[in-house]
Amino acid sequence: MDNGNFDIVVIGSGVIGHSIAFRLKQDVPHLKIAVLGDPVNSLQASRAAAGMLAPFCECDKADQFFRFCRDSLDKFPLFLAELVSVSEVPVHFSPAGSLMPASNYRETWEERKAFFLRENIPHELWSMEKVRRKAPYLAEDCGEVMWVGEGQVNNRQMHDSLMQASRKLGIHVLEANVSGFIRKGSTIASAVTDSGNISGEKFVLASGSWSSQLARVLEVSIPLKPIKGQMCRVQLDDHFMDFTLHGKMTYIAPWREGNGFVIGSTMEDRGFDPSIEDEVIDRLIAKAAEILPALKTAPLIESWTGLRPAAEDLMPIMGKSVKYENLFYSSGHYRNGILMTPNQADYMSGVIRGTLCDEILEFSPTRYNL
Ligand SMILES: Cc1cc2nc3c(=O)[nH]c(=O)nc-3n(C[C@H](O)[C@H](O)[C@H](O)COP(=O)(O)OP(=O)(O)OC[C@H]3O[C@@H](n4cnc5c(N)ncnc54)[C@H](O)[C@@H]3O)c2cc1C
């Protein structure tokens, strides 16, 4: 293995780590970059997600987080075009939008409508008559429905595409598990891994739910923990429904191209628990079938568990370390890391190269003195 001095060592091979490496390499082609991690870690969030690109259905106030997610949604088509032109691994992306049935938002429905109007969010209110014409597969008692101008991506394909792009760009993708660091004062010299020591000028901690474990080795305490999500995928014809459907405590996202529909998801504070419970999956499907009755008989393809990296304040942690001169963080993307990928990559490239003008304080590691 080439473990000579890298300009940048990214620890974490999910969508966050790979997209940072991809953007840096596009911005500064001569950089020597390594991405470390287990690319198919069974619990990693990047392959577990549903791929919803949903800043509008997920947010209810126009704060920095909302603006960052919205900008990221806008960046998606160009980001994917650029990625696929390098990797030649296609990624399914759909701008068809999301549906929010009124019946699931009883108490907050008027608030949601006001928010969408105030923030100039692309949306359309469908009467029950229009719902019957445009989405006849919805349960009769869904009531009126809001169509929202969001997107959806096949996140597994996006992760495959990022990994392939990294290889093609000459980024060193190393299946190496980091267990420690060699430090010189307030500088990190090398990452200690099961494949030897890997030295670098700058280090980026992008290891999702495992970031707090790794930071502990550096005597840094990140208030971040995994929030487990159990999910499943069922077989329904591609053309059955174009939209992502948001229900109460459930969502249904089309993966298309014969890949069926993903149904999500639980939110469980149970540490690094990899278990998948049949009765939980059955309940998810039953809940989703309340708004999409066809799911009652749709064959189950697979079920899985993934871990969302959640900081205490549920905001991402992105920026330069306070304690180490050459350490950077990009973690804590929680429920929206797929959505944030393009904007996050641009932001982190700016932070690492020292060209970023407007640091977002709400996301800064300084808030936890990291
Ligand atoms: C069930 C579920 C559904 C989701 N749905 C959506 C959605 O619809 N839309 C959306 O935008 N977001 C969604 N998310 C959130 C999104 O998936 C995450 O925010 C995002 O994938 C985080 O990416 P990451 O690269 O930081 O972490 P991960 O994908 O978890 O990757 C972490 C990486 O760190 C590596 N690593 C860990 N420890 C070490 C170590 N010691 N040494 C080296 N490497 C290490 C691992 O091998 C792994 O490669 C969902 C998440 C889950 C779990």
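1. Remarks on the sheet that holds strand β3 (residues 52-53)
Alright, step 1. Across the sheet, which stays open at both edges, the three strands sit in the order β3-β8-β4 with antiparallel pairing between neighbours. Strand pairing shows two members of the sheet lacking a second neighbour, β3 and β4 (93-94), which therefore form its edges.
Alright, step 2. With two bridges joining them, β3 and strand β8 (residues 151-153) adopt antiparallel strand pairing. Residue pairing for β8: Met52 is matched across the bridge by Gln152.

2. Focus: the site of the ligand
Alright, step 1. Taken together, 43 residues are adjacent to the ligand, and Gly14, Gly208, Gly229, Gly306 and Gly337 come closest.
Alright, step 2. When contributions to the shell around the ligand are tallied by element, the ones reaching two or more residues are α1 (15-27), α2 (45-48), β13 (224-234), β17 (300-311) and α10 (337-353).
Alright, step 3. No other element matches β17, which puts four residues into the shell around the ligand.
Alright, step 4. Of the residues contributing to the shell around the ligand, the split by class is 19 nonpolar, 21 polar and three charged.
Alright, step 5. Taken domain by domain, the makeup of the shell around the ligand includes at least three residues from each of domain 1 (6-49 + 157-224 + 313-368) and domain 2 (94-152 + 226-310).

3. Quick word on the domain arrangement of the protein chain
Alright, step 1. The domain architecture assigned to the protein chain consists of domain 1 (6-49 + 157-224 + 313-368) and domain 2 (94-152 + 226-310).
Alright, step 2. One C-alpha centre belongs to domain 1, the other to domain 2; they are set 31 Å apart.
Alright, step 3. Between domain 1 and domain 2, the contact holds 16 residues from the first and 12 residues from the second.
Alright, step 4. By residue class, the composition of the side of domain 1 that touches domain 2 is seven nonpolar, eight polar and one charged.

4. Structural notes on the packing of α1 against α10
Alright, step 1. Where α1 meets α10, the axes come as close as 8 Å, and the angle between the chain directions of the two elements is 45 degrees. One finds that α1 runs oblique with respect to α10. Judged by the twist between their axes, the crossing of α1 over α10 is right-handed. Contacts between α1 and α10 pair Val15, Ile16, Ser19, Ile20, Phe22, Arg23, Leu24 and Asp27 from the former with Gly337, Ile338, Thr341, Gln344, Ala345, Asp346, Met348, Ser349, Ile352 and Arg353 from the latter.

5. Concerning unusual backbone geometry
Alright, step 1. Backbone geometry places Asn120, a non-glycine residue, at a positive phi of 55 degrees.
Alright, step 2. Within the chain, Arg256 stands out as a residue other than glycine whose phi angle is a positive 55 degrees.
Alright, step 3. With respect to the helices and strands, the residue Arg256 is situated in the loop between β15 (250-254) and β16 (261-264).

6. Notes on the nonpolar core
Alright, step 1. Among the nonpolar cores identified, the biggest contains 110 residues, and Val9, Val10, Ile11, Leu36, Val204 and Ile263 are the most heavily contacted of them.
Alright, step 2. Both of domain 1 (6-49 + 157-224 + 313-368) and domain 2 (94-152 + 226-310) provide at least three residues apiece to this core.
Alright, step 3. If sequence neighbours within four positions are ignored, Leu36 has contacts with Val9, Val10, Ile11, Ser13, Leu174, Ala176, Val178, Ala191, Thr193 and Ile198.

7. Some thoughts on the packing of α1 against helix α7 (residues 155-168)
Alright, step 1. Where α1 meets α7, the closest approach of the two axes is 9 Å, and the angle between their N-to-C directions is 40 degrees. By the angle between their axes, α1 is oblique relative to α7. Our pair here, α1 against α7, has a crossing hand that is left-handed. In contact with Val15, His18, Ser19, Ala21 and Phe22 of α1, α7 contributes Asn155, Met158, His159, Leu162, Met163, Ala165 and Ser166.
Alright, step 2. Class assignment for the residues of the contact of α1 with α7 results in seven nonpolar, five polar and no charged.

8. Here we look at helix α9 (residues 278-289)
Alright, step 1. With 12 residues, α9 should cover 16 Å at 1.5 Å per step; its first-to-last C-alpha distance of 16 Å lies within 8% of that length.
Alright, step 2. In this structure, the buried side of α9 is in contact with β13, β14 (244-247), β15 and β16.

9. Section: the sheet that holds β17
The pairing of strands in a sheet happens through backbone hydrogen bonds and is either parallel or antiparallel.
Alright, step 1. Strand order in the open sheet made by the eight strands is β6-β7-β5-β14-β15-β16-β13-β17, with mixed pairing throughout. Whereas interior strands pair on both sides, the edge strands pair on one side only; in this sheet they are β6 (123-126) and β17. Each strand axis lies, on average, 20 degrees off the axis of its neighbour in the sheet, ignoring direction.
Alright, step 2. Pairing of strand β5 (residues 98-101) with β14 involves two bridges; the strand directions are parallel. Its bridge partner being in β14, Leu99 is matched across the sheet by Leu245.
Alright, step 3. α9 contacts β13, β14, β15, β16 and β17 of the sheet and is inclined by roughly 65 degrees relative to β13.

Rules used in this analysis
Residues numbered from 1 in each chain as written. Predicted model: local features only at pLDDT ≥ 70, side-chain atom pairs only at ≥ 80, totals over all residues. Pairing = 2+ DSSP bridges. Helix = DSSP H or I, 4+ residues; strand = E, 2+ residues; numbered from the N terminus. Near = placed C-beta within 6 Å. Nonpolar A, V, L, I, M, F, W, Y, C, P; charged D, E, K, R; others polar. Domains from an automatic or database assignment. Contact = placed C-beta atoms within 7 Å. Axes fitted to C-alpha atoms, helices over the stretch in contact; angles between N-to-C directions. Parallel < 35°, antiparallel > 145°, perpendicular 65-115°, else oblique. Left-handed = near helix turned anticlockwise from the far one by under 90°. Core = buried A, V, L, I, M, F, W, Y, C linked by C-beta atoms within 7 Å. Buried ≥ 20, exposed ≤ 12 C-beta atoms within 10 Å, placed from the backbone. Expected span 1.5 Å × (residues − 1).

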